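In case you want the letters, here they are:
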Amino acid sequence: MRPGFGSDQGAAPLLAATGVSFAYGRSAVLEDVSLQVRPGEFVALVGPNGSGKSTLLRVLLGSLPAQRGSVRLFGDAPAALREPWRLGYVPQRPTLASEVPATVEEIVATGRLARRGWWRPPSRQDREAVRHAIGSVGLGELALRPINQLSGGQQQRAFIARAFASEPDLLVLDEPIAGVDAGSQALFRDSLAHLMADHGAGVLLVSHELSAVAQDLDRVIVLKRRVLFDGPPSELMAGGVSLGVHSQDLPLWLEGLT
Amino acid sequence: MLTMLAVTLPYPFEPLFMQRALIATVTVGVFAPMIGTFLVQKRMSLIGDGIGHIAFAGVGAGLIAGVWPIWTALLFAVGGSIGVEWLRARRRASGDLALALFFYSGIALGVVLVSASGGLNASILGYLFGQPLTVNRQEVQVIVGLGVLIVLAMLTLGRVLFAVVSDEEWAGVSGLPVGVVNNVLAVLVAVAVVAAMQIVGILLIAAMMVLPVAGGQLLAHSFKSTMRWSVAIGVASSVAGLAASRIWNLAPGGTIVLITAGTFMAIALATRRRGRSATVPEPGDPGHLAEDLGPGEATV
């Protein structure tokens, strides 16, 4: 395990879902889902297509209300966070496709707005946090490049830097490594380690593919409408195939785990 | 101020009416591209056109009610703009469809009201096609006043506006006031449309918001510099268009927009070899290039 990873079991959870259910019309998408992420903990949420990952993420972030059960982010209801900057969110690509040539620095600086108050001009400390966030994802030399000139992996790292800029306590990433080149994956892994080491932040990674970070995970949660498994990756390896998940999916998640 | 300018300005700006036109037109050349930069980034380039048509209904209402049409146009445009935003934000209709609904209702209401008020006359044509050479002192004051309001709002709210128009979903999750910001932008668009209405005309307002940005983003390397270039193009085209319209007796609104379009084409031709969409190779990381290259060519 890398330095900086490792959960603080005694601390109050950053994110806690209890008995969450959700249905679109009559078709149940989530049934009695409970999970927690604590400070310093690195958790992956995996599941096949249609397993309810995206719906669960929207419920956890407050853009969909839970029909049953409850969600608490930093102790608040997710739609009414008192300190929303404590949550760093990296959406699935491509939510941002810049029409106008906005630079990496301009995009990352927006990540600081909620923390300092969006009506305030940036202080020296804000500028320093933005510079630091860009450096931590290895884009220092490309900070002044228009983001629409970067490769997919570089753009994804810019969005991670935007989430880092607020120095969040919990980082939520939606499919951040799908289709990203190996060099970017390694930088991605390093930058997560950096955030967790620097700030003791918790990380929830929603992904199809864990190979880049499999070694660092504290826990894996397997979702297929309900939580099929929640525990350390080594236990998943031992009992994984009996979970009833599509058998072709498992090796992909566990690639790199030995 | 106007008298003093009359002494110093050369042909074709020496008469007082040209100086009024110049002040009003340059004001539009500043605020329209500024707001347009945000609209292009939001992929709502054509909203100005839709709001212009709603403003036309407001002009008709003003003529019937015997009120100065600027105020009724402002009322209609602000209402319509917030309505479009309301429909778009609640996904009751896509941005496109929301626009179409208001756009056609607006122009239809405008046609009905204008005919009821006595049909097309010179004043109506002025609102439709622009009449900068005949704006009076009071109209210039309103245009400059609204323009200053828009520019101040853009300068104050620029950062949060940029965050929201760039990535609305993310901005919402991150705790930025997406609803408020979108509505403020909608109101600013409406104010800009009404302020520009008499200069370039309802039918050409969207062009002044968007065409300078189309040229500016080819020259710029950041959002901020795109805005600066767009304003420079907007102001230069406004001055050149106004001069050309007096010298060759052309319709000023159309001339200004044609010069803006010509400027865009000239910039596009001059920059076409730069390969703007190409991937940037990362210093010291040549290994990923093969899989990351898009259809364009890599350039540094």
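All figures in this text were calculated on a predicted structure; none of them were measured in a lab.

### Things to note about the overall build of chain B
When helices and strands are tallied, chain B shows 13 helices and zero strands. Taking all 300 residues of chain B together, 49% fall into the buried category. The contacts in chain B between residues at least 6 apart in sequence include a share of 69% that link residues at least 24 apart.

### Re the overall build of chain A
Broken down by element type, chain A carries eight helices and nine strands. Taking all 258 residues of chain A together, the buried fraction comes to 51%. Partitioning the contacts of chain A with sequence separation of at least 6, the portion at a separation of at least 24 is 71%.

### Observations regarding the confidence of the model for chain B
Residues and elements named next belong to chain B. Mean pLDDT for chain B: 87, with 87% of residues reaching 70 or above. For chain B, helix α13 (residues 289-292) is the element with the lowest average pLDDT, namely 35, and helix α11 (residues 223-247) is the one with the highest, namely 97. This model gives residues 276-300 a pLDDT under 50, and the stretch forms 41 contacts once residues within four places in sequence are excluded. Confidence metrics for the complex model read pTM 0.86 and ipTM 0.85.

### A closer look at the sheet that holds strand β1 (residues 15-24) of chain A
Residues and elements named next belong to chain A. Pairing is antiparallel across the open sheet formed by three strands, whose spatial order is β2-β1-β4. The open sheet has two edge strands with one neighbour each: β2 (27-37) and β4 (68-73). For this sheet, the mean angle separating the axes of adjacent strands, direction not counted, is 25 degrees. With seven bridges connecting them, β1 and β2 associate as antiparallel partners. Residue pairing for β2: Val-20 is matched across the bridge by Val-33.

### Comments concerning the packing of helix α2 (residues 16-41) of chain B against helix α10 (residues 205-219) of chain B
Residues and elements named next belong to chain B. Interhelical geometry of α2 versus α10 gives an angle of 75 degrees and a closest axis separation of 7 Å. Judged by the inter-axis angle, α2 sits roughly perpendicular to α10. On α10, the residues that touch Val-28, Ala-32, Pro-33, Ile-35, Gly-36, Thr-37, Leu-39 and Val-40 of α2 are Met-208, Met-209, Val-210, Pro-212, Val-213 and Gly-216.

### Concerning the interface of chain B and chain A
The interface is formed by 33 residues belonging to chain B together with 34 residues belonging to chain A. Counting only elements with at least two residues in the side of chain B that touches chain A, the list comes to α2, α7 (137-166), α8 (168-173), α11 and α13 of chain B. A total of five residues in the side of chain B that touches chain A trace back to one element, the largest contributor, which is α7(B). In the side of chain B that touches chain A, the residues fall into twelve nonpolar, twelve polar and nine charged.

### Here we look at the confidence of the model for chain A
Residues and elements named next belong to chain A. In this model, chain A carries an average pLDDT of 83, and 84% of its residues clear a pLDDT of 70 or more. Within chain A, helix α2 (residues 104-110) carries the highest mean pLDDT (96), whereas helix α8 (residues 249-254) carries the lowest (52). Counted against residues more than four places away or in other chains, residues 1-5, with its pLDDT under 50, gives 13 contacts.

### Section: the environment of B:Pro33
Residue and element names in this part refer to chain B. By the element assignment, Pro-33 lies in helix α2. Separated by 176 residues in the primary sequence, Pro-33 and Met-209 have C-alpha atoms spaced 4.6 Å apart. If near-sequence neighbours (up to four positions away) are discounted, Pro-33 is found in contact with Met-209, Pro-212, Val-213, Gly-216, Ser-230, Val-231, Ile-233 and Gly-234.

### Considerations on the packing of α10(B) against helix α12 (residues 252-271) of chain B
All names here are of chain B. In the contact formed by α10 and α12, the axes pass within 9 Å of each other and the chain directions differ by 20 degrees. Judged by the inter-axis angle, α10 sits roughly parallel to α12. The hand of the α10/α12 crossing is left-handed. Between α10, through Ala-207, Met-208, Leu-211, Pro-212, Ala-214, Gly-215, Leu-218 and Leu-219, and α12, the contact on the second element is made entirely by Val-257, Thr-260, Ala-261, Thr-263, Phe-264, Ile-267, Ala-268 and Thr-271. Partitioned by chemical class, the residues of the contact of α10 with α12 number twelve nonpolar, four polar and no charged.

### Quick notes on the nonpolar core
Ranked by size, the top nonpolar core spans 165 residues in total, and within it B:Ile35 and B:Ala55 carry the most contacts. With near-sequence residues (within four places) excluded, B:Ala55 lies in contact with B:Ala73, B:Phe76, B:Ala77, B:Val193, B:Val194, B:Met197 and B:Ile202.

### Details of unusual backbone geometry
Apart from glycine, the bulk of residues carry a negative phi angle, and the bulk of peptide bonds sit in the trans form. Residue and element names in this part refer to chain B. The peptide bond linking Tyr-11 to Pro-12 adopts the cis configuration, its omega dihedral lying at 5 degrees. A positive phi angle, near 55 degrees, is found at Asn-249, a position not held by glycine. If you trace the backbone, Asn-249 turns up in the loop between α11 and α12. Residue class for Asn-249 comes out exposed when judged on the 7 C-beta atoms lying within 10 Å of it.

### Points about the pairing of strand β5 (residues 87-90) of chain A
Residue and element names in this part refer to chain A. Residue alternation in β5 divides its side chains into two sets, Leu-87 and Tyr-89 and Gly-88 and Val-90, and both sets are buried. Pairing analysis gives four bridges linking β5 to strand β6 (residues 170-174), with the strands arranged parallel. In the sheet register, Val-90 faces β6, and the bridge partner there is Leu-173.

### A word on the sheet that holds β5(A)
Residue and element names in this part refer to chain A. The mixed open sheet is built from six strands, whose spatial order is β5-β6-β7-β3-β8-β9. Single-partner strands in this sheet number two, and they are β5 and β9 (226-231). Adjacent strand axes in the sheet meet at a mean angle of 15 degrees, parallel and antiparallel pairs treated alike. With four bridges joining them, strand β3 (residues 42-46) and strand β7 (residues 202-206) adopt parallel strand pairing. Opposite Ala-44, over in β7, you have Leu-205 as the bridge partner. With respect to the sheet, helix α5 (residues 152-164) is in contact with β5 and β6, its orientation differing from that of β5 by roughly 170 degrees.

### Describing the pairing of β7(A)
The two faces of the sheet receive side chains in turn, since in a regular strand these alternate between them. Residues and elements named next belong to chain A. Among the five residues of β7, five are classified as buried, and the element is accordingly described as predominantly covered. Residues Gly-202, Leu-204 and Val-206 line one face of β7 and the alternating positions Val-203 and Leu-205 line the opposite face, and both faces are buried. Direction of pairing for β6 relative to β7: parallel, over a ladder of five bridges. Looking across to β7, one finds that Asp-174 is bridged to Val-206.

### Considerations on the environment of A:Arg120
Residue and element names in this part refer to chain A. When you line up the elements, Arg-120 lands in the loop between α3 (113-116) and α4 (124-136). Take Arg-120: there are 10 C-beta atoms within 10 Å of it, and that puts it in the exposed class. For the pair Arg-120 and Arg-219, spaced 99 residues apart in sequence, the C-alpha to C-alpha distance is 39 Å.

### As for the environment of A:Pro122
Residue and element names in this part refer to chain A. Structurally, Pro-122 can be placed in the loop between α3 and α4. For the pair Pro-122 and Arg-112, spaced ten residues apart in the sequence, the C-alpha separation amounts to 8.5 Å. Apart from the residues lying within four places of it in its own chain, the contact partners of Pro-122 are Ala-109, Arg-112, Arg-116 and Arg-127.

Definitions and limits used
- Residues numbered from 1 in each chain as written.
- Chains lettered and ligands numbered in written order.
- Predicted model: local features only at pLDDT ≥ 70, side-chain atom pairs only at ≥ 80, totals over all residues.
- Helix = DSSP H or I, 4+ residues; strand = E, 2+ residues; numbered from the N terminus.
- Buried ≥ 20, exposed ≤ 12 C-beta atoms within 10 Å, placed from the backbone.
- Contact = placed C-beta atoms within 7 Å.
- pLDDT = per-residue confidence, 0-100.
- Pairing = 2+ DSSP bridges.
- Axes fitted to C-alpha atoms, helices over the stretch in contact; angles between N-to-C directions.
- Parallel < 35°, antiparallel > 145°, perpendicular 65-115°, else oblique.
- Nonpolar A, V, L, I, M, F, W, Y, C, P; charged D, E, K, R; others polar.
- Left-handed = near helix turned anticlockwise from the far one by under 90°.
- Core = buried A, V, L, I, M, F, W, Y, C linked by C-beta atoms within 7 Å.

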